[in-house]
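# Summary of structural features
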Amino acid sequence: MRIGKVLLIGRPNVGKSTFVNNLIGQKVAITSPKPQTTRFSIKALYEDERGKIIFVDTPGIMGKTEDHLSQRINEKTLQIINEDVDLVLYIIDHTRKRDFEENKVLGLVRKINRPKILVINKIDSEDKSFLPQYKFLEDEFSSVFQISAINRTHVDPLLNKIFEYITEKSDEEIPKDLKYPILNIDSKIFISELIREKIFLMMGEEIPYRATVIVDEITERTDKLTYIRARILVTDDRYKKMVIGSLGRKIKEIGSYARKEIALAINKKVFLDLKVETDPHWQETYY
Ligand SMILES: Nc1nc2c(ncn2[C@@H]2O[C@H](COP(=O)(O)OP(=O)(O)OP(=O)(O)O)[C@@H](O)[C@H]2O)c(=O)[nH]1
Ligand SMILES: [Mg+2]
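Not measured: the values here are computed from a predicted model. (Residues numbered from 1 in each chain as written. Chains lettered and ligands numbered in written order. Predicted model: local features only at pLDDT ≥ 70, side-chain atom pairs only at ≥ 80, totals over all residues. Heavy atoms only, no water.)

### Structural notes on the packing of helix α5 (residues 187–202) against helix α8 (residues 249–266)
Relative orientation of the contacting elements α5 and α8 amounts to 135°, with a least axis distance of 9 Å. If you check the angle between α5 and α8, you find them oblique. Like other packed secondary-structure pairs, α5 and α8 cross with a definite hand, here right-handed. Contacts between α5 and α8 pair F190, I191, L194, I195, E197, K198, I199 and M202 from the former with K250, E253, I254, Y257, A258, E261, I262 and A265 from the latter. When its residues are assigned to classes, the contact of α5 with α8 shows 11 nonpolar, no polar and 5 charged. (Axes fitted to C-alpha atoms, helices over the stretch in contact; angles between N-to-C directions. Helix = DSSP H or I, 4+ residues; strand = E, 2+ residues; numbered from the N terminus. Parallel < 35°, antiparallel > 145°, perpendicular 65-115°, else oblique. Left-handed = near helix turned anticlockwise from the far one by under 90°. Contact = heavy atoms within 4.5 Å. Nonpolar A, V, L, I, M, F, W, Y, C, P; charged D, E, K, R; others polar.)

### Side note on the sheet that holds strand β8 (residues 225–234)
Across the sheet, which stays open at both edges, the 3 strands sit in the order β7-β8-β9 with mixed pairing between neighbours. In the strand order of this sheet, the two ends are held by β7 (211–220) and β9 (269–278), each with one partner. Strand-to-strand, the axes of this sheet are offset by a mean angle of 20°, without reference to chain direction. In this structure, β7 lies alongside β8, joined through 9 bridges in antiparallel fashion. Within β8, the residue paired with E220 across the bridge is T226. Running over the sheet, helix α7 (residues 237–244) touches β8 and β9 and is turned about 150° from β9. Sheet contacts for α8: β8 and β9; angle to β9, the most-contacted strand, approximately 140°. (Pairing = 2+ DSSP bridges.)

### A short note on the coordination of the magnesium ion (ligand 2)
Coordination sphere of the magnesium ion (ligand 2), protein contribution only: S17 (OG) and T38 (OG1), at 2.0 to 2.1 Å. Here S17 is found in helix α1 (residues 16–24), whereas its partner T38 is found in the loop between α1 and β2 (42–48), with 21 residues between them in sequence. Note on T38: relative accessible area 8%, which makes it buried. (Donors = N, O, S within 2.8 Å, 3.2 Å for Na, K, Ca; no water. Buried < 20%, exposed > 50% of the residue type's maximum accessible area, 1.4 Å probe, protein only.)

This is the structure:
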């Protein structure tokens with residue numbers, strides 16, 4: 001069987017998770033316009049008549065890491081990029097200047113001794129382009145693709161190229177992490193991610209980094225209704241107030257968006273029992 005693993009690497013916000021979702025054809029990783037939306041690596045299986053590919057989405061590597069959370073995320077990401085893979089996709093966003101952060105990621109990419117493809121994302125964007133700043137990279141990478149992950153532009157030719165690096169493997173050579181059906185995360189984590197995404201999309205700049213979501217219970221109440229109990233943990237009481245909002249409006253809104261999406265994903269009605277708690281140590285406990 002032709003089977004292999006492809007690692008995605010890039011600074012935050014370049015569109016790694018969007019690329020994986022649109023390639024797989026369903027949402028496996030949450031996305032947002034805020035940096036480091038992804039907090040742990042997500043492995044998702046793509047399969048067609050040519051073979052199977054595990055795409056490894058990773059958290060965007062931050063240039064500066066001042067807090068515990070982003071330091072831990074960066075550390076974990078560095079471990080993942082050392083895993084053995086068949087191919088690396090180095091994803092860049094040409095609408096952003098090449099800066100310290102990009103150079104840091106490029107330094108890491110250079111050290112990976114595997115075949116690499118340079119993927120320039122967001123070609124649909126009408127924002128100012130800094131493409132000339134990335135021109136020099138074309139000499140370094142044997143293949144360069146300009147894509148729009150969001151519109152799926154040039155994704156198929158890229159996929160054809162990716163398959164050139166995916167070889168036949170014997171049963172013993174097949175990576176163990178191919179045992180899961182599509183995703184390497186369980187439903188509790190998946191649901192907590194969907195709720196966390198709403199926090200990234202609906203709260204200001206700071207709260208998303210002070211918050212995490214824990215799903216404590218998923219119970220099938222009837223064959224049509226699923227009960228889900230979850231907590232949003234924040235580091236401080238003042239963030240708790242902000243997430244709850246005046247008259248509880250904010251948490252209601254977050255819960256309502258999350259509930260609708262979860263219901264769609266599991267194809268059942270969902271009762272979402274969502275609370276906010278202060279836990280100053282969640283970052284150390286969970287990351
Ligand atoms: N215009 C445009 N926007 C895109 C494209 N791909 C992704 N985006 C947007 O870029 C933002 C970041 O996308 P993500 O997929 O979350 O980026 P990421 O690289 O996974 O980010 P981290 O998880 O934070 O590292 C989101 O607002 C996406 O909608 C694209 O092809 N074109
Ligand atoms: Mg991501």
